[in-house]
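# Secondary and tertiary structure notes
Chain residues, written in single-letter form:
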Amino acid sequence: TLAVLLTTSLFASVFYHNVLKFEKKRISQNPNVKLEKLSINTKKELPVKGWYGYIIDVEAKVENKIVNAKDIVFSDGRYISLDLIDSKNGKSLKDLVTPSLTSKYYDKTKLIAGNHNAKDKIVIFSDPLCPFCMDYVPEVINHVNKNKDSIALYYYHFPLLRLHPAAGPLSKLMELGKEKGIKDIELKVYKADWDEYFGSKESDNKKIIAGFNKEFNTSFKEDDIATIEILDLIENDMKMGEDVMVQGTPTIFVNGEKDTMRTKYTKLGKNK
């Protein structure tokens, strides 16, 4: 038994070394990136004999700024690949390597519907101006409300600022509205017709705030969305998403596991 354990440990060490060596060489090919630290965060077995997916934590300096990121590579110990595609459905196996959620994601302050003590838990990372999110998030909220005793739903802001610059200020205003006691603010924001006030590409904060104030009869100002508390809250939500490799919206986790099809939530509930 000891010999088997030692052999297994040795092979694991060699695997890790090869994966990190490959990643280091690949990153170092970019002259604008200076690698600072590299480590394996997670190793997950794949439904391909002998192959594993590795999540790698990368700390690098880009334009004199420290950047932390995660990368995924696949290896069987000898061969290494940046991606593996299932030929039957055309999907990447990267989704199988996504980290599972820890209990810290079930933060009661992030609960927007259902019962915090429920066994079944849903976590959504979303952008309020993402076209698909606008339909999807209300559907999930409504489903949880119909099964409010048996499901908990947690919401994290993940505005896609390059695609929808206006989503940043709008996410901050959502939090301010919540603090002011506006009930079901998330559902109301997702169902509102924001095109009446501004487009998703809008960068004028005053215009976005004016639209929100008119929609919700509030009186927020630019200074209100620039407080350290609000900035930290949104930044922390996005960091929580990045830690579990959220890259687009909506991203949904059901009982800790990422649901790429986004349909598992429909199977939850007292009547399921």
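Residues numbered from 1 in each chain as written. Predicted model: local features only at pLDDT ≥ 70, side-chain atom pairs only at ≥ 80, totals over all residues. Heavy atoms only, no water.

## A look at helix α2 (residues 131–146)
Along an α-helix, residues three or four positions apart point the same way, because every turn accommodates 3.6 residues. With 16 residues, α2 should cover 22 Å at 1.5 Å per step; its first-to-last C-alpha distance of 24 Å lies within 8% of that length. Within α2, burial applies to C133, Y136, V137, P138, V140, I141, H143 and V144. Contact partners of the buried residues in α2: β5 (111–114), β6 (120–126), β7 (151–157), α4 (185–191) and β8 (251–254). (Helix = DSSP H or I, 4+ residues; strand = E, 2+ residues; numbered from the N terminus. Expected span 1.5 Å × (residues − 1). Buried < 20%, exposed > 50% of the residue type's maximum accessible area, 1.4 Å probe, protein only. Contact = heavy atoms within 4.5 Å.)

## Considering the sheet that holds β6
Two modes of strand pairing occur in sheets, parallel and antiparallel, and in both the strands are linked by backbone hydrogen bonds. The mixed open sheet is built from five strands, whose spatial order is β5-β7-β6-β8-β9. Only two strands of the sheet have a single neighbouring strand rather than two, namely β5 and β9 (257–258). Inspection of the sheet shows β6 paired to β7 by seven bridges, in the parallel sense. Across the sheet, residue I124 finds its bridge partner in β7, namely Y155. Where α2 meets the sheet, its contacts fall on β5, β6, β7 and β8, and the angle it forms with β6 comes to roughly 160°. (Pairing = 2+ DSSP bridges. Axes fitted to C-alpha atoms, helices over the stretch in contact; angles between N-to-C directions.)

## What to know about the environment of D195
In this structure, D195 sits in the loop between α4 and α5 (205–216). Expressed as a C-alpha distance, the spacing of D195 and L129, which sit 66 residues apart in the sequence, is 9.9 Å.

## Details of the packing of helix α3 (residues 167–179) against α5
Contact geometry of α3 with α5 gives a least axis separation of 10 Å together with a crossing angle of 40°. With respect to α5, the element α3 is oriented oblique. The chirality of how α3 crosses α5 is right-handed. For the pair α3 and α5, contact is made by P169, L170, L173 and M174 and by N205, I208, I209 and F212, respectively. In terms of residue class, the contact of α3 with α5 is built from seven nonpolar, one polar and no charged. (Parallel < 35°, antiparallel > 145°, perpendicular 65-115°, else oblique. Left-handed = near helix turned anticlockwise from the far one by under 90°. Nonpolar A, V, L, I, M, F, W, Y, C, P; charged D, E, K, R; others polar.)

## Describing the nonpolar core
Membership of the largest hydrophobic core comes to 41 residues, with the highest contact counts inside it found for I122, I124, L153, W194 and F212. Going through the elements one at a time, β5, β6, α2, β7, α3, α4, α5 and β8 are the ones with two or more residues in this core. At six residues, α2 tops the list of elements feeding residues into this core. If you look at the next biggest cluster of nonpolar residues, it comprises 17 residues, including Y105, V123, I234 and M238. (Core = buried A, V, L, I, M, F, W, Y, C linked by side-chain atoms within 4.5 Å.)

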